[in-house]
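# Topology and contacts: notes
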Amino acid sequence: MVEGQIESAQTSAPPRKKIVLSGVQPTGVLHIGNYIGALSLWAQQQHEFKNYFMIADMHALTIPENIKAKELRASSRRVAALYIASGIDPEENVIFLQSALPAHPYLAWILGCVTPMGWLERMTQFKTKSGQTESVGTGLFTYPALQAADILLYQADYVPVGEDQRQHVELTRDIAARFNHLFGKCFRLPEGLYRSTGARVMGFDDPTAKMSKSLAEQRSGHAVNLLDPPNVVKKTIMSAVTDSGNEARFEHASPGVRNLLELYEVLTKEPREQIEGRFHGQGYGSLKKAVTEVVVETLRPIQERYQQITSEPGYLDDLLASGAERAGEVANRTLAKARQLTGL
Ligand code: AMP
Ligand code: TRP
């Protein structure tokens, strides 16, 4: 599909390459849910679009109690290395740190001024996260205005993310439309891009909860992290919660079994009937074993590239510096327009 589109772009009048912006918050270690819901999708579509892949380190500060400066810095670099290790070409795509560009918090201020409180009060991520900490900083509340700035500064057409980010992308559209209405046309309204399968990978220890970095830090059987060695992957998946039956059909499976089936489907791209034919009526041991194998095989090349990237001194710093420069050209242009329209 990707090749076909590139070919037609060469033969007819070349359409503008669509713009993509996405990002991950560098708190905790990235897991297989992040890879399937976000990173692998970015890598798959990278040649089709003009891509900006950001490390959302300013968003990581929204729960300041969890932050240690040294760890945040290391974690941001780890995420950048994992982008590349997941197959994202760092020459063709722009990889950068959010905090390197003051245009992000600057535009976030402007957007915060046009965002009604009620819109932010409705955000489920705020409701969940604010319930988990003792004191809630205003940054956690205004988080979505910064995320909107991240997206709108690049005039992104698409934001490829997991299902949990849908509300943020919708809000970004609403904020952009409100700004355009109040001050004049400045921002393109972005659309979310979601996987049909795998946009919401569930925890292995509790398949009713989304796999998340924060739960992964608290509970060892919750997630497979991208840097986990094969024996840890095996232990986590073999102890995944299933049920007492042997039903391995997508439509009827219990949440834990469905999660395993979907993981297998998204990583092997095999048709559902074939997968059901193989595992239905068997004990879940064979399904778990097969999922373990595909996950280990998926992670192997990622981990090898990660080792290479992180063993080259200065490589990531240079890459992030050049990414910030390339991103800044676009971001500063949009910011200048927003300033002009608002009279700042
Ligand atoms: P986060 O871990 O919240 O910083 O999310 C980074 C990216 O991974 C976002 O695009 C999320 O939507 C995606 N993501 C996070 N958790 C999952 C999950 N369990 N399943 C699928 N995608 C996810
Ligand atoms: N909120 C996103 C998350 O928790 C991270 C993020 C920040 C982001 N800015 C973004 C994602 C812009 C997409 C686009 O995963």
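Preceding this paragraph is the structure being described.
This one's a predicted model, so the numbers in the text were calculated from it and none came from an experiment. (Residues numbered from 1 in each chain as written. Chains lettered and ligands numbered in written order. Predicted model: local features only at pLDDT ≥ 70, side-chain atom pairs only at ≥ 80, totals over all residues. Heavy atoms only, no water.)

### Quick notes on empty space enclosed by the protein
Throughout the structure, instances matching the rule amount to 2 cavities of 30 Å³ or more. Volume-wise, the largest cavity comes out at about 50 Å³. Secondary structure elements with two or more residues in the lining of the largest cavity: α7 (124-132) and α8 (138-152). Across the lining of the largest cavity, the residue classes break down as 5 nonpolar, 2 polar and 1 charged. Residue classes in the lining of the second largest cavity are distributed as 2 nonpolar, 2 polar and 2 charged. (1 Å grid on protein atoms, 1.4 Å probe; cavity = no way out; pocket = protein on both sides within 12 Å on 5 of 7 lines; lining within 4 Å. Points joined across faces, edges and corners; volume = space filled by probe spheres on them. Helix = DSSP H or I, 4+ residues; strand = E, 2+ residues; numbered from the N terminus. Nonpolar A, V, L, I, M, F, W, Y, C, P; charged D, E, K, R; others polar.)

### Focus: the layout of surface pockets
Considered as a void within the structure, the second largest pocket measures approximately 280 Å³ in volume. The wall of the second largest pocket is formed by 17 residues, among which A108, T142, Y143, A145 and L146 lie closest to the centre. Among the elements of the structure, α3 (57-60), α5 (103-113), α6 (117-121) and α8 are those that each provide at least two residues to the lining of the second largest pocket. Counted by class, the lining of the second largest pocket contains 11 nonpolar, 6 polar and no charged residues.

### Quick look at the site of ligand 1
Taken together, the neighbourhood of ligand 1 is formed by 18 residues, with N34, G162, D164, V201 and K213 sitting nearest. In this structure, an oxygen atom belonging to ligand 1 sits 3.5 Å away from a main-chain N or O atom of Q25. Take N34: an N or O atom from its side chain is 2.9 Å from an oxygen atom of ligand 1. For ligand 1, whose free accessible area comes to 480 Å², the fraction covered by protein is 92%. If one sorts the elements of the shell around ligand 1 by residue count, helix α2 (residues 32-44) sits on top with 4 residues. Its residues assigned to classes, the shell around ligand 1 shows 6 nonpolar, 8 polar and 4 charged. (Near = heavy atom within 4 Å. Polar contact = N/O pair within 3.5 Å; in protein donor to acceptor, adjacent residues only side chain to side chain. Areas by Shrake-Rupley, 256 points an atom, 1.4 Å probe, with all protein chains shown as cover.)

### Regarding the site of ligand 2
Close to ligand 2 lie 15 residues, the nearest being H59, Y143, Q147, D150 and Q165. Contact distances for ligand 2 include 2.7 Å between a nitrogen atom and a side-chain N or O atom of D150. Interatomic distance of 3.1 Å between a side-chain N/O atom of Q165 and a nitrogen atom of ligand 2. Protein coverage of the free-state accessible area of ligand 2, which is 370 Å², stands at 92%. For the shell around ligand 2, the secondary-structure elements that each account for two or more residues are β1 (19-24) and α8. Looking at the shell around ligand 2 element by element, the count peaks at 4 residues for α8. Its residues assigned to classes, the shell around ligand 2 shows 7 nonpolar, 7 polar and 1 charged.

### Some remarks on the packing of aromatic side chains
Remark: the centre distance and the inter-plane angle together describe each pair of aromatic rings, the angle taken between the planes. Scanning all chains against the criterion turns up 9 aromatic pairs. Ring geometry for F179 and F183: centres 5.0 Å apart, planes at 40°, overall tilted. Separated by 4 residues within a single helix, F179 and F183 lie in helix α9 (residues 166-183), roughly one turn from each other. Note that K50 overlies the ring of Y52, its terminal NZ or CZ placed 5.6 Å from the centroid. Sitting above the plane of the Y194 ring, R166 keeps its charged end 4.1 Å from the centroid. (Phe/Tyr/Trp six-rings, centres within 6.5 Å; stacked < 30°, edge-to-face > 60°. Lys NZ or Arg CZ within 6 Å of the ring centre and 35° of its normal.)

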